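# Remarks on the overall topology
So the chains spell out like this:
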Amino acid sequence: VDAGVDGAELEFREFFAAEYGRLRGLGFLLTSDWAQAEELAQDALVRTYRAWPRVRRSERPGAYARKVLVNRHRSLLRRAAVEARHLAGRRPEEAVQPDLGTDGLVLWSAVRCLPARQRAVLVLRHHQDLPEAEVARLLGLPVGTVKSLAHRGLARLRGELGSPAMEESRGNQR
Amino acid sequence: MIEDRLRDTLDRVATGGPDEAGGYDRFLRRRARHSRRAAAATALALVAVLASAVTLSHLVPDPARPSRLVATGQPGPGRWQAGPLVAVVAFQGFEADVPAGWEARGTWRGIELRPVAVERRRLLARPVQMDSGFLDSYYNPAPNEVKHPAHAEEGLQLPRAAGPAPVGRQSRGSFPGGRGWFRADSHDGRWRSTRWDISWPYHCEPRVRCPMMVVLRTLRVAFTVEEGATAEAAGPAEHLLSSARPIANAVAGQAHAPPQDCVDGRNLKVVRGARTSVNPGTPTVVKFWWRARIATLVPCTLRGPLGVELLDPSGRRLDVQGNGLALTSVFNLPEARSIFRGSDSLWLELKWINWCGGRPARLRWIGAPDPGRTVPIDPPRCTDTSKPSRLAVERHDR
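Residues numbered from 1 in each chain as written. Chains lettered and ligands numbered in written order. Predicted model: local features only at pLDDT ≥ 70, side-chain atom pairs only at ≥ 80, totals over all residues. Heavy atoms only, no water.

### Regarding the interface of chain A and chain B
Much of the literature gives interface size as the accessible area that the parts lose upon coming together. Inclusion rule: Whether two residues are in contact is decided by their heavy atoms: any pair within 4.5 Å suffices. Once two parts are brought into contact, the accessible area they lose, counted with a 1.4 Å probe and summed over both, makes up the buried area. Whenever a carboxyl oxygen of Asp or Glu lies within 4 Å of a side-chain nitrogen of Lys or Arg, that contact is scored as a salt bridge. Any pair of nitrogen or oxygen atoms within 3.5 Å is treated as a polar contact; in protein, a donor-acceptor pairing is required on top of that, and neighbouring residues in sequence qualify only through side-chain atoms on both sides. Secondary structure elements follow DSSP: runs of H or I of four or more residues count as helices, runs of E of two or more count as strands, with numbering from the N terminus.
Listed as interface residues are 44 residues of chain A and, on the opposing side, 31 residues of chain B. When the buried area of chain A at its contact with chain B is split by residue, Val46(A), Glu59(A) and His126(A) rank highest and sum to 15% of it. Viewed at the interface, chain B and chain A are joined by 5 salt bridges. Of the charged contacts, one joins Arg7(B) and Asp129(A) as a salt bridge, the two residues approaching to 3.3 Å between their closest N and O atoms. One can count 12 residue pairs in polar contact (both at pLDDT 80 or more) joining chain A with chain B. Of all the secondary structure elements, the ones that give two or more residues to the side of chain A that touches chain B are α1 (7-31), α2 (34-50), α6 (101-113), α7 (116-126), α8 (132-139) and α9 (143-161) of chain A. The greatest single-element share of the side of chain A that touches chain B, amounting to 10 residues, is contributed by α1(A).

Put into structure tokens, the structure is as follows:
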């Protein structure tokens, strides 16, 4: 134990170690950019730290940090024009690519091509395992809209997986 | 299924990023930057406020208005504020004057007070509590009101002699103005406890049928002090009670404060359980249920999640449709109708059927105070191998 570090600080360090990777992963799923994901995760954690005396007493401090991250991402989307200028000339992160297999690559490419809200709904619903009502609350949307976005997003992904390009890709693998 | 493939792909993508090394150092640097920025902004704001104050002090005479402590009933205790001040506790329907020499802070159920001077603070076993609640009919200063004909059908639900027999000394009286008070004094070793109750009104919001329980509402001040120091706390306690004024839900026609969040073990009692068929052998259906009941008079908002996760002995989630199902809806629980039973509760039931996988299984209650704990559960019988095992909402009453 570090001298001069109080219990809350130590608790936050443990919280950081447990959540940092998860938040960064969520950020990447929402942005396809590890640098932006890192920005979102760091920002969410700094804001969580500032509210830590209150947040540490709650049942799910991780959910608080996730909410901050999703809100920040929504703000970035609202400032899409500014971001677009900022990101002009930059390409999404390609350097680190996990082994996804053919299906996985096609699926991930399809996810990246989804409109931002559809993508956010699918990520929160199927990666974070959040119920529709919670997704709706996080994204500030009616539950009906979340259901509709999830339905349309999944339909589009199904379409991509069954597309001729996919079949051809599978054929090449065989 | 596309959902499973998507989940698997997203998991791989999210965990396949570059090395996380140095993340905490970058966080510390960013935090320091934020702190510097915040300090600069605060300094600027302070300068602006001081400049405004100086300007205003020349323009406006001092109104001599006491400062205010606004308690909202949030779960954690608030910041201590020194008197004299007005404590405003809208969710409990009162405001009261905190005398000089005492400081107060908001709590989840009202306010608490202690002397500013540390040496006087030691005389108190704990801070003086002020909140509202029910007075057991043993002590009820207005017993005739409970026979109001408009509530005749609720008569049997009233808490007649529900609490323990009174201990210590009880006395009654009235403040100037007519408001009745009840006082109970008891002692335990060197500590002496005193509780004051004064009958306090409660008015439901328009179009809400008000339960009879509201006639038992009292405003309470309670303290425990060292023997011989009762007068130390009695003076401020009487001051609080005599200065208390009804507001919000204690005044007909006034808007209520936003409801508090329901917190299990505080203003809410949650009972969870799992049950199977009473017949011997493997059950066909396993049910999981919750009963949440408001534990105070004042309405509260129950936020989820309430749900279950079914796991194998190694902690992996079982392949059950709806596994991890959790309701996150918001339920507004109304005024307590009875301290025994009532329509003031939420009943939620999930059922699990057709499990053809391995045994035994374990269960984790989602939203429980100890979210990491799992308990063994006997899964339901395999009724059809061609159909999936399912977890679904069976009953949901509010």
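### What about the packing of α7(A) against α9(A)?
Residues and elements named next belong to chain A. Short version of the rule: Angles run from 0 to 180 degrees between N-to-C directions of axes, and those axes are lines fitted to C-alpha atoms, restricted for helices to the stretch in contact. Note on angle classes: values under 35 degrees are labelled roughly parallel, values over 145 roughly antiparallel, values of 65 to 115 roughly perpendicular, and the remainder oblique. Three classes are used: nonpolar for Ala, Val, Leu, Ile, Met, Phe, Trp, Tyr, Cys and Pro, charged for Asp, Glu, Lys and Arg, and polar for all others, with Gly counted as polar.
At a minimum axis distance of 9 Å, the contact between α7 and α9 shows a crossing angle of 95 degrees. In terms of their interaxial angle, α7 and α9 are classed as roughly perpendicular. Every residue of α9 that contacts α7 at Arg117, Gln118, Val121, Leu122 and His126 is listed here: Val146, Leu149, Ala150, Arg152, Gly153, Leu154, Arg156 and Leu157. For the contact of α7 with α9, the class distribution of residues is 7 nonpolar, 3 polar and 3 charged.

### Section: the nonpolar core
Test applied: Note on terminology: a nonpolar core comprises buried Ala, Val, Leu, Ile, Met, Phe, Trp, Tyr and Cys residues joined through side-chain atoms within 4.5 Å. Note on classification: 1.4 Å probe, protein chains only; a residue is buried when its accessible area is under 20% of the maximum for its type, exposed when over 50%, partly exposed between these limits.
Grouped together as the largest cluster of nonpolar side chains are 54 residues, with contacts concentrated most on Leu45(A), Trp108(A), Leu124(A), Leu139(A), Leu157(A) and Leu6(B). In terms of residue count, α1(A) provides more of this core than any other element does, 10 residues in total.

### Description of the sheet that holds strand β4 (residues 94-98) of chain B
Residues and elements named next belong to chain B. The test is simple: Here, any two strands with at least 2 DSSP bridges between them count as paired.
If you trace the 4 strands from one edge of the open sheet to the other, you get β1-β3-β4-β12, paired in mixed fashion. The open sheet has two edge strands with one neighbour each: β1 (67-70) and β12 (245-246). Across 2 bridges, the pairing between β4 and β12 is antiparallel. By the bridge assignment, glutamate 95 is partnered in β12 with arginine 245. Here helix α4 (residues 230-243) sits on the sheet in contact with β4 and β12, set at roughly 140 degrees to β4.

### Quick word on the packing of aromatic side chains
So the rule is basically this: For Phe, Tyr and Trp, where Trp contributes only its six-membered ring, two rings pair if their centres lie within 6.5 Å, and the inter-plane angle classes them as stacked under 30 degrees, edge-to-face over 60, or tilted in between.
Under the counting rule described, the total for this entry stands at 17 aromatic pairs over all chains. When the ring of Phe16(A) is compared with that of Phe27(B), the centres are 5.0 Å apart and the planes differ by 50 degrees; the resulting orientation is tilted. Here the residue Phe16(A) occupies a position in helix α1, and Phe27(B) occupies one in helix α2 (residues 23-59), the pair thus bridging two chains. With a centroid separation of 5.7 Å and 40 degrees between ring planes, the pair formed by Phe28(A) and Trp108(A) is classed as tilted. Taken together, the residues span a long stretch of sequence, with Phe28(A) in helix α1 and Trp108(A) in helix α6 at a distance of 80 residues. Residue Phe28(A) shares its accessibility class with Trp108(A), and that shared class is buried. Put simply, the rings of Phe12(A), Phe15(A), Phe16(A), Tyr20(A), Tyr49(A), Trp52(A), Tyr24(B) and Phe27(B) touch in pairs and so form one group of aromatic residues.

### Brief notes about the confidence of the model for chain B
All names here are of chain B. The condition is simple: pLDDT measures the predictor's confidence residue by residue and takes values from 0 up to 100.
Within chain B, residue pLDDT values average 81, and 84% of them lie at 70 or more. Throughout residues 141-163 the model reports pLDDT below 50, and contacts reaching past four residues in sequence, or to other chains, amount to 43 contacts. Counted against residues more than four places away or in other chains, residues 339-343, with its pLDDT under 50, gives 15 contacts. Among the prediction metrics, the complex's ipTM stands at 0.80, with pTM recorded as 0.53.

### As for the state of the cysteines
All names here are of chain B. For the record, the criterion: Cysteine sulfur pairs qualify as disulfides if the two atoms are within 2.5 Å.
Tallied over the entire structure, the rule returns 2 disulfides over all chains. Here cysteine 262 engages in a disulfide with cysteine 300; their sulfurs sit 2.0 Å apart. On the sign convention where negative is left-handed, the bridge of cysteine 262 and cysteine 300, at about 100 degrees about the S-S bond, is right-handed. Of this pair, cysteine 262 sits in the loop between β13 (260-261) and β14 (268-275) while cysteine 300 is found in strand β16 (residues 300-303), placing the two residues 38 residues apart along the sequence. Residue classification places cysteine 262 among the buried residues on the basis of a relative accessible area of 11%. Look at cysteine 300 and you get buried, because its relative accessible area is 1%. Across a sulfur-sulfur distance of 1.9 Å, cysteine 356 and cysteine 382 are joined as a disulfide pair. Judged by the torsion about the S-S bond (80 degrees), the cysteine 356/cysteine 382 disulfide is right-handed. Remark: cysteine 382 occurs in the loop between β22 (374-377) and β23 (390-397) and cysteine 356 occurs in the loop between β20 (345-353) and β21 (361-366); sequence separation between them is 26 residues. Residue classification places cysteine 382 among the partly exposed residues on the basis of a relative accessible area of 31%.

### Considerations on the environment of Pro259(B)
Residue and element names in this part refer to chain B. Counting through the fold element by element, proline 259 comes out in the loop between β12 and β13. For proline 259 and threonine 301, which are 42 residues apart along the polypeptide, the C-alpha to C-alpha distance reads 6.1 Å. Apart from the residues lying within four places of it in its own chain, the contact partners of proline 259 are Pro299, Cys300 and Thr301.

### Here's the deal with the pattern of salt bridges
Pairing between side chains becomes possible if they bear opposite charge and their charged atoms approach one another. Scanning the entire structure with this criterion turns up 34 salt bridges over all chains. Arg105(B) is the partner of Glu112(B) in a salt bridge, and the nearest nitrogen-oxygen pair spans 2.7 Å. Given a relative accessible area of 9%, Glu112(B) falls into the buried group. One salt-bridge network, in which partners are shared between bridges, spans Glu39(A), Asp43(A), Arg47(A), Arg72(A) and Arg30(B).

### Brief notes about the confidence of the model for chain A
Residue and element names in this part refer to chain A. On average, residues of chain A carry a pLDDT of 80, and 79% of them reach 70 or more. Model confidence for chain A, summarised as mean pLDDT per element, is weakest for helix α10 (residues 164-173) at 45 and strongest for α7 at 92. Predicted confidence for residues 85-95 stays below pLDDT 50, and this span has 11 contacts to residues more than four positions away or in other chains. A low-confidence stretch, residues 165-174 (pLDDT under 50), is modelled with 12 contacts involving residues beyond four sequence positions or located in other chains.

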